[in-house]
Amino acid sequence: MIRGFGSDNFSGVLPEVFKALEEVSYGHQPSYEEDIYTEKAIRDFKSVFGENCEVFFVYNGTGANVLSLSAYTQSYHAIICTETAHIYTDECGAIEKQTGCKLLPVPTFDGKLSIGLIENHMNGFGDQHHSQPKMISLTQCTELGTVYTPEELKEICDYAHAHGLFVHMDGARLANAVVSLGCDPKAITVGAGIDVLSFGGSKNGMMFGEAVLFFNPDLIKEIKYVRKQQMQLHSKSRFIAAQFSALLKDDLWLRAAAHANRMAQMLSGEALKIPGVSLTQEVQGNEVFAIIPREKIDILQKKCFFYTWDENASEVRWVCSFDTTESDIIEFVNILREEIC
Ligand SMILES: Cc1ncc(COP(=O)(O)O)c(C=O)c1O
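Scope of this entry: the structure provided in the associated data block.

Below, the discussion takes up the site of the ligand. Lining the immediate environment of the ligand, one finds N60, G61, T62, N65, H86, E91, T139, E143, D170, A172, R173 and K203. A total of 400 Å² of accessible area belongs to the ligand in isolation, and the protein chains cover 78% of it. Among the elements that line the shell around the ligand, the one with the most residues is helix α3 (residues 61-70), at three residues.

Dropping the structure here:
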């Protein structure tokens, strides 16, 4: 059956990850991250991102974002993000509930923050009636499938730090950004000045689990207690750790993402050949945002699922995964052509 384009978490699990889960399942290991597999996964992360990072494993992306943003904030703080940020639109107020912070959303055209946009919310400092801006949260790749360059990130981080703010990166799709830019993962994270990173696993071939990487561990709260209170400490920790070790081994995370990105390029290229289809964003990662005839959306979704992004604009989102195949795309584009032409 044709795979749909609903989301990259509609996909299954990478065979290497599945194998790792099975391999660590034999015998007993101490729980709560005292096991040898957690120690190894932390070393694996340090070999990619450098020694000066603290790694915390969590269950899901919302948990990763909540933990990241809790580390630097008090409830009287505010967090600047985009209007399309997952933390603002799709986490059911988890950030507000868990951190107590106010979210300050910024409208954007392409899902990316810039200093000019951030400045709109840089006020009220020292005013006891006003939530105090303390963090900037950005997403890489963005929720609109676009990618920040290392220079853009460094500019935002330098600005934030000069004004006493910290920067969080929601990297649910970090791997797609790394391969899109062809850069060292450090260049768009710790090297650019990011303070804390939610590192995605589930969208890139894991069964479950995400990681939070703190790049200036001296400045954070006693985070192990915070994670436990947030119910994100997995007792059989080896099952998250082993998946990450498998993903990081021999750059599997980047190979999986490179495939997903290639599929998105193929899909957008083929879809654009159909009259009546246009793109709203540059395809830089594994997501395609397209305008298609409104009256065809329902019919097409029944044949091959994807989400409507903006009903008024007749805009849809197609997401490719590590397991999307060329024949999935050919079949879907044929369906598109048949319905639209
Ligand atoms: C940008 C982004 N951040 C975080 C998440 C993680 O969310 P979840 O809590 O569902 O794992 C998602 C998933 O859709 C996402 O797209």
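Having put the structure on the table, let's press on.
Turning our attention to the sheet that holds strand β5 (residues 166-171). Taken together, seven strands build an open sheet; the order of strands is β1-β7-β6-β5-β4-β2-β3 and the sheet is mixed. Looking at strand neighbours, the two that pair on one side only are β1 (54-58) and β3 (102-106), the edges of this open sheet. Across the sheet, the mean angle separating the axes of adjacent strands is 20° when strand polarity is ignored. Pairing of strand β2 (residues 77-82) with strand β4 (residues 132-139), which is carried by four bridges, proceeds in the parallel orientation.

Of all hydrophobic cores here, the largest spans 61 residues; its most connected members are F45, F49, F199, L213 and W253. A per-element tally of this core places helix α10 (residues 238-248) first, with eight residues. Summarising the domain contributions, this core has at least three residues from each of domain 1 (14-251) and domain 2 (253-340). Those residues in contact with F199 that sit more than four places away from it in its chain are F45, F49, G171, L174, E210, A211, L213, F244, L248 and W253.

So, about the pairing of β4. Among the eight residues of β4, seven are classified as buried, and the element is accordingly described as predominantly covered. As defined by bridge partners, β4 adjoins β5 across five bridges and the pair is classed as parallel. Considered in β5, the bridge of M135 is made with F166. Following the chain from β4 across helix α7 (residues 150-162) to the adjacent parallel β5, one finds a crossover that is right-handed.

With that out of the way, let us pick up helix α1 (residues 15-23). Restricting attention to buried positions, one finds in α1 the residues V17, A20 and L21. Around the axis of α1, the buried residues are gathered within 100° of arc, so they sit on the same side. Among the exposed residues of α1, those pointing more than 90 degrees away from its buried face are P15 and K19. Structurally, α1 contributes buried residues whose contacts are with α10.

Thresholds applied
Residue indices begin from 1 for each chain and proceed along its sequence in written order. Side-chain atom pairs in this predicted model are given and counted only at pLDDT of 80 or more, local residue features only at pLDDT of at least 70, and totals for whole chains, interfaces and linings cover all residues. Water and hydrogen atoms were dropped before computing side-chain values, which therefore reflect all heavy atoms in the structure. If even one non-hydrogen atom of a residue comes within 4 Å of a molecule or strand, that residue is called near it. Areas reported as accessible are Shrake-Rupley estimates using a 1.4 Å probe. Residue values count occlusion only from the protein chains shown. To qualify as a helix, a DSSP run of H or I must reach at least 4 residues; to qualify as a strand, a run of E must reach at least 2; elements of each kind are numbered from the N terminus. By definition, two strands form a pair when at least two bridges between them are found by DSSP. Axis definition: a line fitted to C-alpha atoms, over the contacting stretch in the case of helices. Angles run 0 to 180 degrees between N-to-C directions. Grouping buried Ala, Val, Leu, Ile, Met, Phe, Trp, Tyr and Cys residues that are joined through side-chain atoms within 4.5 Å yields what is termed a nonpolar core. We call a residue buried when its accessible area falls under 20% of the maximum for its residue type, exposed when it is over 50%, and partly exposed in between, using a 1.4 Å probe and counting protein chains only. These domain boundaries are the output of an automatic or database domain assignment. The criterion used for residue contact is that any of the two residues' heavy atoms lie within 4.5 Å. Seen with its strands pointing away from the viewer, a crossover is right-handed if its path from the first strand over the helix to the second goes clockwise. Comment: arc refers to directions from the helix axis out to C-beta atoms.

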